[in-house]
Amino acid sequence: MNIGSRHISWWLYSMMMLFCSACGSSGGGGDEPEPAPVPGPQPPDVKNPAQLEIKIYTPEHPVVTRADLDEVNAESEEQAIHNLDVWVYQASDGALVGHISPTINSDFKSGEFQMTVSEEFAEANPNVNIYVTANVRAGNTGLNIDAAESENSLTGKKIQHSGTQDYFGLTPPLVSAVPSGGLPMSGLLKNQAVTPNRPLLKVTTAVTVVRAVSKVRFVFSRTATQTLKINRITFNSGLIPTEEYLFLDNPYTERSVKVGGIYEDGEHALTPLTGADNIPVCANPSKYAYNGQSGTDYETLINKGITGEGNDGQPEVGQVGRFYLRETDKQVTGWIYYTTGNDTDEKRAKFSMASVGDFSRNHTWIVYGYFSAKENLKIYSIDVADWNESSDSHPVFNW
């Protein structure tokens, strides 16, 4: 190849490289800056729709205001969560944002769940009201609640009589064991801000779900001198309401209560009285009377007396039923009817809560009585009050 030919080849090669470089620049593959984003609303991300994250907490012990919360474990069937339902509404107008019923395990304690929300909601980002139920089904509350339930309808739902079934009331058969579907629970938060971080919006405060019913325990002991038989235990008239709202007006506090309807008339007997004719013997039954210890220590003492722990497995205290009832804003009183030895004459002893509102949802009341053969049955009513209060009616948070 001569010199002229080499010059022509080099010129053609240079022109081709220049042309290819120009093509690369025009295709956006060079160093030119990215175009500025178009102002205004962006099209929705179909692959990643907006989600609202909700936190739910179910305390192991129902009373969440106590200082020694973690020292007492609820009985497993009482704290079991079989199902959850969550409704979210716009706080401003009550418009339904969405409903979810997430899959959970029965030992669920807390978790975070996502609800798909509309683009309109995500853009507006309003404050929300959140309602949560656990174990609320027709079988254990008589309630059927729709996924599209309005907020006004949801807040009006009541645990009540339904036909012949008296859910958590005083009409036999009483609820003396946890229903197969669990104890009904509820919780809510109102006017909560939503963090706007797309695509996962969040409500940072957890909804605390607590039991919507109360429980009463009657425990007894006696000396070996005479036998003791508890014939019946009654609540006085006009104390337990025929209806109880599933939700409160505001998030749960220590003595939140919201009853509806009239109160049941007449003296109602608490039956069945399992173990009522087999009260255990205790050499010193007065040791199970409350004497100022912490609520945790007192509950431990009672439970060990029932199981016989520390006494070679021999119980010293017998529990007559545990009864789950609707909450009330009344001061609950009643009578314990009993006979001793071969005496056929029935005697009775009165029990009473200290004040109005002590039998609100999520609480338990212990009534302890013992017979020493020297006097009539002595009754110690252990009620829900301030932990450090010292009075004739002593305080114990206990479930």
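Whatever comes next refers back to the structure up there.
Residues numbered from 1 in each chain as written. Predicted model: local features only at pLDDT ≥ 70, side-chain atom pairs only at ≥ 80, totals over all residues. Heavy atoms only, no water.

Asker: Whenever I open this one, the overall build of the chain confuses me. Can you help?
Answerer: Of the regular secondary structure elements, the chain holds six helices and 22 strands. Looking at the 399 residues of the chain, the share that counts as buried comes to 48%. Of the contacts made within the chain by residues no fewer than 6 positions apart, 75% connect residues no fewer than 24 positions apart. Carbon together with sulfur atoms contributes 49% to the accessible area of the chain, which is approximately 19,200 Å² in total. (Helix = DSSP H or I, 4+ residues; strand = E, 2+ residues; numbered from the N terminus. Buried < 20%, exposed > 50% of the residue type's maximum accessible area, 1.4 Å probe, protein only. Contact = heavy atoms within 4.5 Å. Areas by Shrake-Rupley, 256 points an atom, 1.4 Å probe, with all protein chains shown as cover.)

Asker: Help me understand the sheet that holds strand β7 (residues 165–166), please; the structure alone is not making it clear to me.
Answerer: Sheet strands associate in pairs through backbone hydrogen bonding, adopting either a parallel or an antiparallel arrangement. One open sheet holds the four strands; their spatial order is β7-β6-β14-β15, and the pairing between them is antiparallel. Only two strands of the sheet have a single partner each, and these edge strands are β7 and β15 (259–263). When strand β6 (residues 158–162) meets β7, the two strands line up antiparallel, connected through two bridges. Within β7, the residue paired with Ser162 across the bridge is Gln165. (Pairing = 2+ DSSP bridges.)

Asker: Could you clarify how one ought to interpret the sheet that holds strand β16 (residues 268–270) in this entry?
Answerer: The four strands lie next to each other as β16-β13-β18-β19, forming an open sheet whose pairing is antiparallel. The sheet is open, and its two edges are formed by β16 and β19 (347–352), each paired on a single side. Averaged over all pairs of adjacent strands, the angle between strand axes in this sheet comes to 30°, irrespective of strand direction. Across three bridges, strand β13 (residues 228–235) lies against β16 in antiparallel orientation. For Thr234, the partnering residue across the bridge sits in β16 and is Ala269. (Axes fitted to C-alpha atoms, helices over the stretch in contact; angles between N-to-C directions.)

Asker: I tried to follow the environment of Leu201 on my own but got confused; where do I start?
Answerer: Secondary-structure assignment places Leu201 in strand β9 (residues 200–202). As for Leu201 and Glu53, which are separated by 148 residues in sequence, their C-alpha atoms are 6.1 Å apart. Filtering out sequence-adjacent residues up to four positions away, Leu201 remains in contact with Ala50, Gln51, Leu52, Glu53, Ala122, Asn125, Val194 and Thr195.

Asker: I keep staring at the packing of aromatic side chains and nothing clicks. Help me out?
Answerer: Note on aromatic pairs: each is described by the distance of the centres and the angle between the planes. Tallied over the entire structure, the rule returns ten aromatic pairs. Where Phe108 meets Phe113, the ring centres are 5.8 Å apart and the plane angle is 45°; that geometry is what we call tilted. In this structure Phe113 comes out as buried when scored by relative accessible area, which is 13%. When the ring of Tyr288 is compared with that of Tyr368, the centres are 6.5 Å apart and the planes differ by 65°; the resulting orientation is edge-to-face. With a gap of 80 residues between them, Tyr288 in the loop between β16 and α6 (295–307) and Tyr368 in strand β20 (residues 364–371) connect regions that are remote in the sequence. Both residues of the pair, Tyr288 and Tyr368, belong to the buried class. Among the aromatic side chains, those forming a connected cluster through ring pairs are Phe218, Phe235, Phe351, Phe359 and Trp365. (Phe/Tyr/Trp six-rings, centres within 6.5 Å; stacked < 30°, edge-to-face > 60°.)

Asker: I keep staring at the pattern of salt bridges and nothing clicks. Help me out?
Answerer: Side chains that differ in sign of charge can pair as their charged atoms come close. Evaluation of the coordinates by the stated rule reveals 16 salt bridges. Note that Glu123 and Arg198 form a salt bridge whose closest N and O atoms lie 3.5 Å from each other. With a gap of 75 residues between them, Glu123 in helix α3 (residues 119–124) and Arg198 in the loop between β8 (185–192) and β9 connect regions that are remote in the sequence. Across the pair Glu316 and Lys287 runs a salt bridge whose closest N-O atoms are separated by 3.1 Å. (Salt bridge = Lys/Arg side-chain N within 4 Å of Asp/Glu carboxyl O.)

Asker: Is there a simple way to think about unusual backbone geometry in this case?
Answerer: With an omega of 0°, the peptide bond between Pro172 and Pro173 qualifies as cis. Structurally, Pro173 is set in the loop between β7 and β8. The linkage connecting Arg198 with the following residue, Pro199, adopts the cis geometry, with an omega of 0°. Within the secondary structure, Pro199 sits in the loop between β8 and β9. In the Ramachandran plot, Asn125 falls in the positive-phi region, its phi being about 50° despite a non-glycine side chain. Tracing the backbone shows Asn125 in the loop between α3 and β5 (128–134). According to the relative accessible area criterion, Asn125 is partly exposed, its value standing at 21%.

Asker: Help me understand the pairing of strand β2 (residues 84–90), please; the structure alone is not making it clear to me.
Answerer: Along a regular strand, successive side chains alternate from one face of the sheet to the other. Burial runs high along β2: seven of the seven residues are buried. Residues Leu84, Val86, Val88 and Gln90 of β2 are buried on one face, and the alternating residues Asp85, Trp87 and Tyr89, pointing to the opposite face, are buried as well. Sheet topology note: the β2/β5 ladder contains seven bridges and is antiparallel. Note that in β5 the partner of Gln90 across the bridge is Val128. Note that β2 and strand β3 (residues 96–100) share four bridges and pair antiparallel. Looking at the pairing, Trp87 lines up with His99 of β3. Taking the residues between adjacent antiparallel strands as the criterion, β2 and β3 are bridged by five residues, where Gly94 takes a positive phi near 75°.

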